[in-house]
Every structure is written in C-alpha cells, then in structure tokens.
Amino acid sequence: MIEVARRTWRILEPYHGMIYFAPEATAAYEKLGLTGRAGYFASRSAALGKVPAPVVVATFYNFNPALVHDSIRAAWSATEPEAVLEARHAAADRTLRATLGDAIDAPEMQRAAALAREAAETIAGDVVGRPLFAAHAALPWPEEPHLVLWHAQTLLREYRGDAHIAALLTAGLSGIEALVTHAASGAVPAETLRKSRAWSEEDWSRAIAGLRERDWVTGDGAFTPAGAAHREEIEKATDENSVTPYARIGEPACEELQTLVRPFSRALSEKLMPWMLARR
C-alpha cells in the first residue's frame, strides 16, 4: 500500500503545487503589497494566522531562517492572513480555469474531488505533531469540485510534509543538512536547492563538512553508503507516516484517483512546472 500511496501523492502533487508557480498567484499577492518571497511564505502559512515569525521558521524547515523571518515580518506589516488566504484561493481558481478549461466541470473532476476529499477527511482529526496540516485542515472546504480537489491535495501534501520534517528531525538533520542529502539523492541539483532556500556557499560547505564527519556524504557532497542508507530510512519513515489517508480509501480508489487526476496534473505541469514531468 505504501507504494500506491506514494504514487498517488506524486501524481496529484502538481495539482496543488501549481499555486507556487502560477503568475495569477504572484499578481494577487503583489496587489496586497507582498513582493519577492513574501508571497510564498505568507500564502502557505496564512492558515496559521498572524503568528510570530519564529513559528513560521519552525514549519518551513529547510529554508534559511533569516529569509523566512524577514518575509513574514514584511508580509504581516502589509496585509492580513485572511486577505492572503482569499487571494490564494482566487488565484488557484483562476489558474485551474485557465489551464483546464471545460475539464473543471467534467464528471471526472467531480469524481476525483470526491475521492480526494474522502481521503483527506479520514485524517481530519490526526493533527498531533502536524502543524501545517492542522492549520489547513481547519479552513472551510470550498464548494466547486476543482477547488475541492485542490484543497484536498493541499491537506494531503501538508500531512506528508509534516511527517517528512519529523523524519528529518529524528535523523538528526538540520534544515540545510536535509537539503544537502536531498541533493545527494540526485532528485534536484544542489545549486537549485541552495539558492532557492537562500543559503550561502559558505553555509553549504559547512553543512557538507559536518555531514562528512558523520559519514553521510563525501567531500563533494555525494552519498557514502551509510548516508544513502540513512536517507532511505528517512524516506521510508515519511512514507509510513503518510500512508493512512490512502490506505483508508483503499487501493482501487487510489488507482482510480491517479487515473482521473493524471491528465489534470500533466496539463498544469506542462504549463507551469515542466521539470516535474521528469519525476513521474
């Protein structure tokens, strides 16, 4: 069931993830006075409310804390969480309509939304240790099927993300060390991870040095056999602590959901995130 759950999450992920790359979202946040990375951090954390910046730092594990801190302080000096949530929701609606067209009213969309919502609702009360999931799970459900599907995948994504952070912490990795091991896996280039999370070259070198002392990586950041095994254990723990909603709806429903959402995710990936196509 774990493999089915992971595959279902991967296939549905672009349907949620598009909101971080959509021009409609950037424009909506800019109207609220959010520029640069402030829109990303504010929109994803707005469900928490206007919490102190360190709380957001805690939930955005592998980003440079200084970037998160400055972005959140700027965001909440310019606008309010409720306005950001409304802008995010509206941007998701516009992007999905523009990309999927008539498909948003198709029976396939209605069925996919129902299945994804069922999965998400099976874990509605499973919030202990999952702060970002808990915050988004407390938001009201939208009414239109294409937005129900988007919200459901948002919940499933944050549920898994919180589990992944727990696994990284248990493994004794700092945020930047987690990124170095992610780069070592070959999933994403090291420079992309370093720059997108606002770490300096010096920070990155220190993280590699620390992991080298612990026999996780070599001097050039590649995995040692022990490091590869440790990272595999992290992924295993993440999978095991994320399987519940998929197991509760069952393998046939998961496979149906994959089939229904695959064309939607592909259309969104082709338009906004072509690099994601290579991962699925």
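This text goes with the structure placed above it.
Residues numbered from 1 in each chain as written. Predicted model: local features only at pLDDT ≥ 70, side-chain atom pairs only at ≥ 80, totals over all residues. Heavy atoms only, no water.

1. A closer look at the overall build of the protein chain
Next up, step 1: Along the backbone of the protein chain there are 15 helices and zero strands.
Next up, step 2: In terms of overall size, the protein chain behaves like a compact globule, its C-alpha atoms giving a radius of gyration of 19 Å where 280 residues would be expected to give roughly 19 Å.
Next up, step 3: For the C-alpha atoms alone, the extent of the protein chain along its principal axes is close to 55 × 45 × 35 Å.
Next up, step 4: Going through the 280 residues of the protein chain one by one, you find that 49% of them count as buried.
Next up, step 5: Of note, the protein chain has its 30 positive side-chain charges centred 2 Å away from the centre of its 36 negative side-chain charges. (Helix = DSSP H or I, 4+ residues; strand = E, 2+ residues; numbered from the N terminus. Rg over C-alpha atoms; globule rule 2.2 N^0.38 Å. Buried < 20%, exposed > 50% of the residue type's maximum accessible area, 1.4 Å probe, protein only. Lys, Arg positive; Asp, Glu negative; His and termini not counted. Charge placed at Lys NZ, Arg CZ, Asp CG, Glu CD.)

2. What about the side chain of Thr181?
Next up, step 1: Structurally, the position occupied by Thr181 is in helix H10 (residues 175–184).
Next up, step 2: The class for Thr181 is buried, based on a relative accessible area of 0%.
Next up, step 3: Non-local contacts of Thr181, meaning those with residues more than four positions away in its chain, are made with Leu173, Leu211, Trp216, Phe223 and Arg231. (Contact = heavy atoms within 4.5 Å.)

3. Topic: helix H7 (residues 107–121)
Next up, step 1: Spanning 15 residues, H7 covers 21 Å between terminal C-alpha atoms, matching the ideal 21 Å at 1.5 Å per step.
Next up, step 2: Within the span of H7, buried status applies to Met109, Ala112, Ala113, Leu115, Ala116, Ala119 and Ala120.
Next up, step 3: Buried residues belonging to H7 abut helix H1 (2–17), helix H6 (81–100), helix H9 (145–170), helix H14 (244–249) and helix H15 (251–272). (Expected span 1.5 Å × (residues − 1).)

4. A look at the nonpolar core
If you look at soluble globular proteins, the nonpolar side chains tend to sit buried side by side.
Next up, step 1: Of all hydrophobic cores here, the largest spans 66 residues; its most connected members are Tyr15, Met18, Ile19, Phe41, Phe60, Leu96 and Leu149.
Next up, step 2: Excluding residues that lie within four positions of it along the chain, Met18 makes contacts with Ala92, Thr95, Leu96, Trp150, Leu268, Leu272 and Met273.
Next up, step 3: Of all hydrophobic cores here, the second largest spans 19 residues; its members include Ala167, Leu173, Val180 and Ala183. (Core = buried A, V, L, I, M, F, W, Y, C linked by side-chain atoms within 4.5 Å.)

5. Topic: unusual backbone geometry
Next up, step 1: For Ala198, which is not glycine, the phi dihedral falls at a positive 65°.
Next up, step 2: The residue Ala198 is located in the loop between helix H11 (190–196) and helix H12 (201–213) in this model.
Next up, step 3: When its relative accessible area of 31% is taken as the criterion, Ala198 is described as partly exposed.
Next up, step 4: With a phi close to 65°, Asp215 is a non-glycine residue in the positive phi region.
Next up, step 5: Residue position: Asp215 is located in the loop between H12 and helix H13 (225–240).

6. Details of the packing of aromatic side chains
Next up, step 1: This model, assessed by the stated rule, comprises nine aromatic pairs.
Next up, step 2: On the numbers, 5.8 Å between centres and 90° between planes, the contact of Tyr40 with Phe60 is edge-to-face. Taken as a pair, Tyr40 in helix H3 (residues 38–45) and Phe60 in the loop between helix H4 (53–59) and helix H5 (65–78) lie far apart in primary sequence, 20 residues in all. Both residues of the pair, Tyr40 and Phe60, count as buried.
Next up, step 3: Grouping aromatic residues by their ring pairs yields a cluster made of Tyr20, Tyr40, Phe41, Phe60 and Phe63. (Phe/Tyr/Trp six-rings, centres within 6.5 Å; stacked < 30°, edge-to-face > 60°.)

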